[in-house]
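Listed here are the chains, written in short residue letters.
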Amino acid sequence: MFYTLDILGTIAFAISGVLVAIHKKMDLFGILIIAFVTAVGGGTLRDLLIGNTPVSWMRDITYTYVILVSAVFAIIFRNKINYLRTSLFLFDTIGIGLYTVVGIQKGLNAELHPVICIALGTITASFGGVIRDILCNEIPVIFRKEIYATACILGGIIYFVLSQFPIKSDIVFIIAGVVVIVIRLLAVKFKIALPSIYSKKNEV
């Protein structure tokens, strides 16, 4: 289950990276690079922080194949998923939900404190998108008012709460990931955002 979630998260983030790169009218090489860093950026930082080297995608070539196939698929069928904003949001949201629980599990495997595990889950879920946005000359979503990293943190808390009950770990993983996805979807649908320290008259 854990490996499956990791692969599904890789697919979701690779596709979201392709969509951003296409929107920026990058060439084929640029599209593949953005897909790759979006898919493995957060996991790479996580592995480096916990000393898990070589990092996951270097030890398992499956991740590279998955990213390449996902990127090619998104490029070929870009007209089918041409509603870029909606598609990007959907795949990005699925990605953060899946990668949050993957990062938490990595922290647990390293026998870290639950708070650190939640931080690792948030890093895994968020920083691929941060690198993607920086390379594409965008302000990363995590640094705006939108509920993004907060959803990962809440999902992580739910994970550890549920783990105190006699529930199978696979079910706990799924529920925690779904919580992240649902919170993100509801936040965008109902325009729920973190409070801003700036007054409207100072906003550009």
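Residues numbered from 1 in each chain as written. Predicted model: local features only at pLDDT ≥ 70, side-chain atom pairs only at ≥ 80, totals over all residues. Heavy atoms only, no water.

So, unusual backbone geometry
Here's step 1: The linkage connecting Thr 53 with the following residue, Pro 54, adopts the cis geometry, with an omega of -10°.
Here's step 2: Relative to the helices and strands, Pro 54 is located in the loop between helix 2 (28–49) and helix 3 (56–59).
Here's step 3: Its identity as a non-glycine residue notwithstanding, Glu 111 has a phi of 60°, on the positive side.
Here's step 4: Counting through the fold element by element, Glu 111 comes out in the loop between helix 5 (84–109) and helix 6 (114–135).
Here's step 5: Unlike most non-glycine residues, Lys 191 shows phi in positive territory, near 55°. (Helix = DSSP H or I, 4+ residues; strand = E, 2+ residues; numbered from the N terminus.)

Details of the side chain of Thr 64
Here's step 1: By the secondary structure assignment, Thr 64 is in helix 4 (residues 62–76).
Here's step 2: You can call Thr 64 buried: its relative accessible area is 19%.
Here's step 3: In contact with Thr 64, not counting residues within four places along its chain, are Phe 36 and Trp 57. (Buried < 20%, exposed > 50% of the residue type's maximum accessible area, 1.4 Å probe, protein only. Contact = heavy atoms within 4.5 Å.)

Considering the packing of helix 2 against helix 4
Here's step 1: Helix 4 packs onto helix 2 with a crossing angle of 130° between their chain directions and a minimal axis gap of 10 Å. Put simply, helix 2 runs oblique to helix 4. Relative to helix 4, helix 2 is oriented so that their crossing is right-handed. Mapping the contact onto sequence places Leu 28, Ile 31, Leu 32, Ala 35, Phe 36, Ala 39 and Val 40 in helix 2 and Thr 64, Ile 67, Leu 68, Ala 71 and Ile 75 in helix 4.
Here's step 2: Residue classes in the contact of helix 2 with helix 4 are distributed as eleven nonpolar, one polar and no charged. (Axes fitted to C-alpha atoms, helices over the stretch in contact; angles between N-to-C directions. Parallel < 35°, antiparallel > 145°, perpendicular 65-115°, else oblique. Left-handed = near helix turned anticlockwise from the far one by under 90°. Nonpolar A, V, L, I, M, F, W, Y, C, P; charged D, E, K, R; others polar.)

Things to note about the pattern of salt bridges
Here's step 1: Considering all chains together, one arrives at four salt bridges under this definition.
Here's step 2: Between Asp 47 and Arg 46 there is a salt bridge; the shortest N-O distance is 3.0 Å. Comparing Asp 47 with Arg 46 shows no difference in burial state: the two are buried.
Here's step 3: We note a salt bridge from Asp 133 to Arg 132, for which the minimum N-O separation is 3.0 Å. Accessibility classification places Asp 133 together with Arg 132 in one group, the buried group.
Here's step 4: Look at the salt bridges and you will find they share partners, linking Asp 92, Arg 132 and Asp 133 into a network. (Salt bridge = Lys/Arg side-chain N within 4 Å of Asp/Glu carboxyl O.)

With respect to the nonpolar core
For soluble globular proteins, the rule of thumb is that nonpolar side chains tend to be buried together.
Here's step 1: Counting residues in each nonpolar core, the largest one holds 30 residues, and the members touching the most others are Phe 13, Val 18, Ala 39, Ile 67, Ile 96 and Tyr 148.
Here's step 2: Every element with two or more residues in this core is listed here: helix 1 (2–23), helix 2, helix 4, helix 5, helix 6, helix 7 (149–162) and helix 8 (169–189).
Here's step 3: Ranked by size, the runner-up nonpolar core spans 13 residues in total, among them Val 102, Phe 160, Val 172 and Ala 176. (Core = buried A, V, L, I, M, F, W, Y, C linked by side-chain atoms within 4.5 Å.)

Here's the deal with empty space enclosed by the protein
Here's step 1: Counting across every chain of the model gives one cavity of 30 Å³ or more.
Here's step 2: For the largest cavity, the calculated volume is near 90 Å³.
Here's step 3: Around the largest cavity, the lining residues are Asp 6, Thr 10, Ala 39, Val 40, Gly 43, Thr 44, Arg 46, Ser 56, Trp 57, Tyr 63 and Tyr 99.
Here's step 4: Residue assignment for the lining of the largest cavity shows that the elements contributing at least two residues are helix 1, helix 2 and helix 3.
Here's step 5: No other element matches helix 2, which puts five residues into the lining of the largest cavity.
Here's step 6: Of the residues assigned to the lining of the largest cavity, the class counts are five nonpolar, four polar and two charged. (1 Å grid on protein atoms, 1.4 Å probe; cavity = no way out; pocket = protein on both sides within 12 Å on 5 of 7 lines; lining within 4 Å. Points joined across faces, edges and corners; volume = space filled by probe spheres on them.)

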